[in-house]
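# Examining the three-dimensional arrangement
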Amino acid sequence: MTHASSLVSGLRSVALNVPDLALAEKFYTEIWHLAVAARTSEGLYLRATGADHHVLALHHAAGAARIRHVTLRARSREALDEVARRAPQQGGRVLSPVGTVDEPGGGIAVAVADADGRAFRLVWDDARHADAREEKDRPVRLAHAVLNCHDVETTRAFLEQVLDFSLSDRTRIMAFMRCGNDHHSIALGDTDNDALNHIAFLMPDLDSVMRGGGRMKDAGYGIQWGPGRHGPGDNAFNYFVGPFDVVIEYTAEVEQIDDSYQAGGPSDWTWPPGRIDQWGIGVSPTTQLKQAQKAIFFATNP
């Protein structure tokens, strides 16, 4: 298996259910620096500065926030049929068959879930923005989504066998999965639950990650972990807990890899006592962060 998935070209967006769309819009546009790409009577679609039609879809639903699905971009129309065929063979199910997407962004898609209810949508021929660019202090695109797993190896097998992801690195508590040149687009966390861990937004540079931390602090959303630089992926980071306990990350300088990259194991990724990142200068993960990292479950969880 090469580093590039034959079926998936990248991570496009994440969709969430939230109880207050007005609050979500104010936060994600005025503070987090996304922009409204489209809206419907019950949904809000937010873009970054890149070509993706939207990177975050928010839908109104009462109660605690939930994740609806992670949307990936297909490499071909045929990939949709292949994923639909493979999912049941690996203990999953097809949530919606291949068909036209009836929401802003359009395209053709299939939605599947693994045995634990993690929902993945694969989309082809969706709308793109012609004015893609980088702009300081604004996210360019999604960098990755991290999903908690009570059984990482089973979830990893689903990603490998259904979506043709491959392993970049395995630490004691994380499996980093890639579909292209980004070190990881999805990561799996060893935990006792199957919640959303966090969503990472790629910033154009390190200064934007740092200024974003200051902007969030000024708005009352202090840094919950960071600033720091990870080991696997080599990316700089600041983590925050946004509205409804959704954990979000500003990141930059994600390592780009090719077929020469050798996947590491837990013994390759260890830190000296008291350190949890390369720099060792920032706030360690707070109790609030750790609690929020296990609060948002998939709406399709069986």
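Below, the structure is looked at part by part. (Residues numbered from 1 in each chain as written. Predicted model: local features only at pLDDT ≥ 70, side-chain atom pairs only at ≥ 80, totals over all residues. Heavy atoms only, no water.)

Here we come to the overall build of the chain. Across its full length, the chain carries 5 helices and 17 strands. Taken against the 2.2 N^0.38 rule, which gives 19 Å for 302 residues, the C-alpha radius of gyration of the chain at 18 Å falls within 12% of a compact globule. By principal-axis analysis of the C-alpha atoms, the chain measures approximately 50 × 45 × 35 Å. Counting every position in the chain, which comprises 302 residues, the buried fraction comes to 56%. When contacts within the chain are restricted to residue pairs at least 6 apart in sequence, those whose partners lie at least 24 apart make up 68%. (Helix = DSSP H or I, 4+ residues; strand = E, 2+ residues; numbered from the N terminus. Rg over C-alpha atoms; globule rule 2.2 N^0.38 Å. Buried < 20%, exposed > 50% of the residue type's maximum accessible area, 1.4 Å probe, protein only. Contact = heavy atoms within 4.5 Å.)

Turning next to the sheet that holds strand S13 (residues 196–202). With respect to topology, 8 strands assemble into an open sheet ordered S10-S11-S12-S9-S13-S16-S15-S14, the strand pairing being mixed. Every interior strand has two partners, whereas the edge strands, strand S10 (166–170) and strand S14 (225–229), have only one. Direction aside, neighbouring strands of the sheet carry axes that sit 20° apart on average. The sheet contact formed by strand S9 (residues 141–149) and S13 spans 6 bridges and is antiparallel. By the bridge assignment for S13, alanine 145 is matched with isoleucine 199. Relative to the sheet, helix H3 (residues 152–163) contacts S9, S10, strand S11 (174–178) and strand S12 (186–190), its axis offset from that of S12 by approximately 165°. Helix H4 (residues 206–218) contacts S14, strand S15 (236–241) and strand S16 (247–252) of the sheet and is inclined by roughly 20° relative to S15. (Pairing = 2+ DSSP bridges. Axes fitted to C-alpha atoms, helices over the stretch in contact; angles between N-to-C directions.)

With that out of the way, let us pick up the packing of aromatic side chains. To describe a pair of aromatic rings, one takes the distance between the centres and the angle between the planes. One pass over the structure, following the stated rule, counts 11 aromatic pairs. Geometrically, the ring pair formed by tryptophan 32 and phenylalanine 201 is edge-to-face, given 5.4 Å between the ring centres and 80° between the ring planes. Residue tryptophan 32 is found in the loop between helix H1 (21–31) and strand S2 (35–39), and its partner phenylalanine 201 is found in strand S13; the two are separated by 169 residues along the sequence. Take tryptophan 32 and phenylalanine 201: they sit in the same class, and that class is buried. (Phe/Tyr/Trp six-rings, centres within 6.5 Å; stacked < 30°, edge-to-face > 60°.)

On to the side chain of arginine 118. Assignment of secondary structure puts arginine 118 in the loop between strand S7 (108–113) and strand S8 (119–124). Residue classification places arginine 118 among the buried residues on the basis of a relative accessible area of 0%. Only 3.2 Å separates the side chain of arginine 118 from the side chain of threonine 155, close enough to count as a polar contact. With residues up to four places along the chain from it excluded, the contact list for arginine 118 reads Val112, Ala113, Leu147, Asn148, Cys149, His150, Thr155, Asp194 and Phe298. (Polar contact = N/O pair within 3.5 Å; in protein donor to acceptor, adjacent residues only side chain to side chain.)

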